[in-house]
Amino acid sequence: MSSKMKISLGILSAGLVACSLIVIYSQDQSISMAEAQSQVKSVLPDQSGKGNSVTAASSEVRAASGMVAVSSNTAEEQRALEAMELITQNEFLMLYVKRETAEVAVKDKRDGYIWFSNPVDREKDPKASPLYKSELSSQLLVTYYNEKGQLNTFNSYDDSVKKKQFKISTVDKGIKIVYQLGNIPKDYGNIPKVIGKQRFEERILGKLTDKDTREDVAFKFRLDEQKQIYEVRKLQDFVAEELSQKLEAIGYTNEEAAKDNKDNGAGSSAQEEGPRFTVPLEITLDGEHLVVKTASKELQYTNAYPIAMLQPLKYFGAADDKKDGYMFVPDGSGALIHLNNNKKNAEAYNLPVYGSDGTYDVKEKIQTNETTRLPVFGIKQNDHAMLGMIEGGDAMANITADISGRNDSYNTVGGKFKVMDMDFYTLTSGTKTSSVPMFGQKPFQGDYQIRYDFLSGPSSDYTAMAGKYREYLVNKYGLKKLEPAKASPFLLEVEGAFQKQESFVGVPYQSTEALTTFDETQSMLTALKEKGVKDIGLRYVGWFNDGIRHTSPSNVEVVGELGGKKGFHKLIDYMSKENIHLFPDVAFLEKYKGASDAASFLDRQKAKIYKYDPVMYVKDTTKFSHYLLSPSALAKTSGRICLRLREVWPYRLVP
């Protein structure tokens, strides 16, 4: 009889290794934060931001707190800040904006360092094409679906700022920038989209006394002889403005245009719809942090062009190709991507927080990474660092990172948010097939929000970033410090049984094979106890309903090949006497057999998950993995197994 044993020193998911950094990090300070704040307040600059009081304040704080002197910004960056307007400030940070371009900068009073939303020297970038230079000048990227389900991207510089389709207003502790992206038509409500022939000639042309004006207005409408109506032509904004003024001069009103449109079966707008979006971006100071937020309820887009992704401040804190350092990404236990490493053949980092949405049918899986457990990222450049913490819309977020040299000369890390899902529904008629895009029905209704923290000097490495994130979690959730235990728990994982295909006189059938029986498991536990191992926990996988890939846990039958119900009771009795914890494994969300209660993809097909070819990266439909259980069926399924466990468990279960 073969056996297989997996031993772990604790139940510790890969993502939580980053938390261990958070736990162990500590730093001595020679003065309290309150004392440092007090010294800063005594030399705060006035609201104009003029003078060198900020530099003095930073020097005082560094001297008082024992901070090591850190590098400063370039002269070009200093000049760029002088051209910006100070919006607000607190004890730690100063927020600036350039109203002509919507660029934002934040200055850290503790070290005098300035962080920019966009690289100051981007126009000198020899690697960036005109398109990527526009992205370098943008504070927002909007990816959207067209009518065929294809992805396109707008950037806030080309599609909003250059067209002067944005508005900056002040809010409490910061600013709010409302971007209108795309071709936003001006509202000329008194231009009818459709108007009857007789009414047009009498009410409009008949009131225009000048012959040239009358001919000019008539030319802007085309006559449909069959329907006896006039339809307005597609007009440029300046032409529409002139026409509106001429109609206003004869007393033709918005109300009349709306009535004519309605009487002739047209909507109220005389403009064609296209991809256009309204996206608010609120940037505020909150103590030591900068907070960037987009309220999803304020997003505006047409049904024909829904938003797929939002990426705010992609280039915030971008490091050029002359900087040293790394980007921190939460890949499993946490990973570092060194700046300017020239590994352009590798895919740019782009992974969803908390793992992929199982109900999205992924056709190709190029990257194989550990699950992202924590919504956090960071970048260290020279002796300064920035930490980003996604605290709103984190379940819809991806964390992205890329090195310099691929599209431009900058290393970037940040977050972007999924707004709308899309998949294709395939229609078949005989030998012909066509695909129709299907979109999600209920988009996220909360706020997409990222909180930034800033570090410098010796306290600007990834360990310090972990410490800052730990501090944030403690303050937000009231976490308590764990007291050190005398001994670490020892977790033993064993795999019980599995199904194997056999044949009898040529007839195939599924047989159940034992890997680790109940008696063998007890022998291993006894051996561990004899060696002095204490505080043991046992996770038993594949103990019921055909083993590891068990049937739906609506009923519970202990695998006979492992020792059956009697052997299971014997093992539980032994573990109870030896004070060993038992964790019988059950897969609730993964259905290995049967599609009942399974979730659905967007195309209404059952969420059937396959493995992926490691060479071609595509779905291997010959290797079925499991169905995903619908969340709506989870309570019913878990309640059912708790009820069935009473039949096989030798002790009374808590109701």
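Structure: see above.
Quick summary incoming for the structure in this document. (Residues numbered from 1 in each chain as written. Predicted model: local features only at pLDDT ≥ 70, side-chain atom pairs only at ≥ 80, totals over all residues. Heavy atoms only, no water.)

## A word on the overall build of the protein
Thought 1: A count of helical and extended segments in the protein gives 14 helices and 35 strands.
Thought 2: Within the span of the protein, comprising 655 residues, buried residues form 45% of the whole.
Thought 3: A sequence separation of at least 24 residues applies to 66% of the contacts in the protein between residues at least 6 apart.
Thought 4: When the accessible surface of the protein is totalled, it reaches about 34500 Å², and 50% of it is carbon and sulfur. (Helix = DSSP H or I, 4+ residues; strand = E, 2+ residues; numbered from the N terminus. Buried < 20%, exposed > 50% of the residue type's maximum accessible area, 1.4 Å probe, protein only. Contact = heavy atoms within 4.5 Å. Areas by Shrake-Rupley, 256 points an atom, 1.4 Å probe, with all protein chains shown as cover.)

## Topic: the sheet that holds strand β34 (residues 608–612)
By definition, the strands of a sheet pair up through backbone hydrogen bonds, in either a parallel or an antiparallel sense.
Thought 1: Strand order in the open sheet made by the 3 strands is β33-β35-β34, with antiparallel pairing throughout. Each end of this open sheet is capped by a strand with a single partner; those strands are β33 (590–591) and β34. (Pairing = 2+ DSSP bridges.)

## Quick word on the side chain of Gln 139
Thought 1: Topologically, Gln 139 is positioned in the loop between α5 (130–136) and β6 (140–145).
Thought 2: In this structure the side chain of Gln 139 is engaged in a polar contact, spanning 2.8 Å, whose partner is the side chain of Tyr 179.
Thought 3: Discounting chain neighbours no more than four positions away, the residues touching Gln 139 are Thr 101, Ala 102, Glu 103, Ser 117, Asn 118, Ser 156, Tyr 179, Leu 281, Gln 311, Pro 312 and Leu 313. (Polar contact = N/O pair within 3.5 Å; in protein donor to acceptor, adjacent residues only side chain to side chain.)

## Side note on the sheet that holds strand β10 (residues 194–196)
Thought 1: The sheet built from 3 strands is open, its strands ordered β10-β12-β11 with antiparallel pairing. Two strands lie at the open edges of the sheet, namely β10 and β11 (221–224), each paired on one side alone. Between one strand axis and the next, the sheet turns by 30° as a mean value, whatever way the strands run.
Thought 2: Sheet analysis places β10 next to strand β12 (residues 229–232), joined by 3 bridges and oriented antiparallel. When the bridges of β12 are listed, Ile 195 appears paired with Tyr 230. (Axes fitted to C-alpha atoms, helices over the stretch in contact; angles between N-to-C directions.)

## Here we look at the packing of aromatic side chains
Thought 1: Scanning the model with the defined rule gives 22 aromatic pairs in all.
Thought 2: Ring centres of Phe 200 and Phe 221 lie 4.9 Å apart, and the angle between their planes is 50°; on these two criteria the pair is classed as tilted. On the criterion of sequence distance, the pair formed by Phe 200 in helix α7 (residues 197–204) and Phe 221 in strand β11 is long-range, its members being 21 residues apart. Each member of the pair Phe 200 and Phe 221 is classed as buried.
Thought 3: Seen from their ring centres, Phe 417 and Tyr 448 are 5.1 Å apart, and the 45° between their planes marks the pair as tilted. Taken together, the residues Phe 417 in strand β24 (residues 410–418) and Tyr 448 in strand β27 (residues 447–456) connect sequence positions 31 residues apart. Tyr 448 shares its class with Phe 417; the two are buried.
Thought 4: Taken together, Tyr 113, Trp 115, Phe 316, Phe 377, Tyr 452 and Phe 454 form an aromatic cluster joined through their ring pairs.
Thought 5: The ring centre of Phe 219 lies 5.2 Å from the NZ or CZ of Arg 233, which sits over that ring. (Phe/Tyr/Trp six-rings, centres within 6.5 Å; stacked < 30°, edge-to-face > 60°. Lys NZ or Arg CZ within 6 Å of the ring centre and 35° of its normal.)

## Considerations on the nonpolar core
Thought 1: Residues Tyr 179, Phe 277, Leu 290, Leu 310, Phe 316, Tyr 452 and Phe 454 are the most contacted members of the largest nonpolar core, which totals 57 residues.
Thought 2: Contact partners of Leu 290, with chain neighbours within four places excluded, come to Leu 93, Leu 95, Val 106, Ile 283, Thr 284, Leu 285, Phe 316, Ile 450, Arg 451, Tyr 452 and Phe 454.
Thought 3: In terms of nonpolar packing, the next biggest core, distinct from the first, is built from 30 residues, Val 494, Ala 497, Leu 525 and Leu 571 among them. (Core = buried A, V, L, I, M, F, W, Y, C linked by side-chain atoms within 4.5 Å.)

## Quick notes on empty space enclosed by the protein
In this approach, a probe sized like a water molecule rolls over the atoms, and the result shows the empty space that is left.
Thought 1: Applying the stated criterion across every chain, the model contains 1 cavity of 30 Å³ or more.
Thought 2: What the largest cavity holds in volume is close to 50 Å³.
Thought 3: Forming the boundary of the largest cavity are Leu 140, Val 292, Lys 293, Thr 294, Leu 310, Pro 312, Phe 417, Tyr 448 and Gln 449.
Thought 4: Only β14 (289–295), β16 (307–312) and β27 provide two or more residues apiece to the lining of the largest cavity.
Thought 5: A per-element tally of the lining of the largest cavity places β14 first, with 3 residues.
Thought 6: Taken together, the residues that form the lining of the largest cavity break down as 6 nonpolar, 2 polar and 1 charged. (1 Å grid on protein atoms, 1.4 Å probe; cavity = no way out; pocket = protein on both sides within 12 Å on 5 of 7 lines; lining within 4 Å. Points joined across faces, edges and corners; volume = space filled by probe spheres on them. Nonpolar A, V, L, I, M, F, W, Y, C, P; charged D, E, K, R; others polar.)

## Thoughts on α7
Thought 1: Among the residues of α7, Phe 200, Arg 203 and Ile 204 are the ones counted as buried. The buried side chains of α7 occupy one side of the element, clustering within an arc of 90° when seen end-on.
Thought 2: Buried-residue contacts for α7 involve β10, α8 (211–219), β11, β12, α9 (237–249) and α10 (254–263). (Arc of directions from axis to C-beta.)

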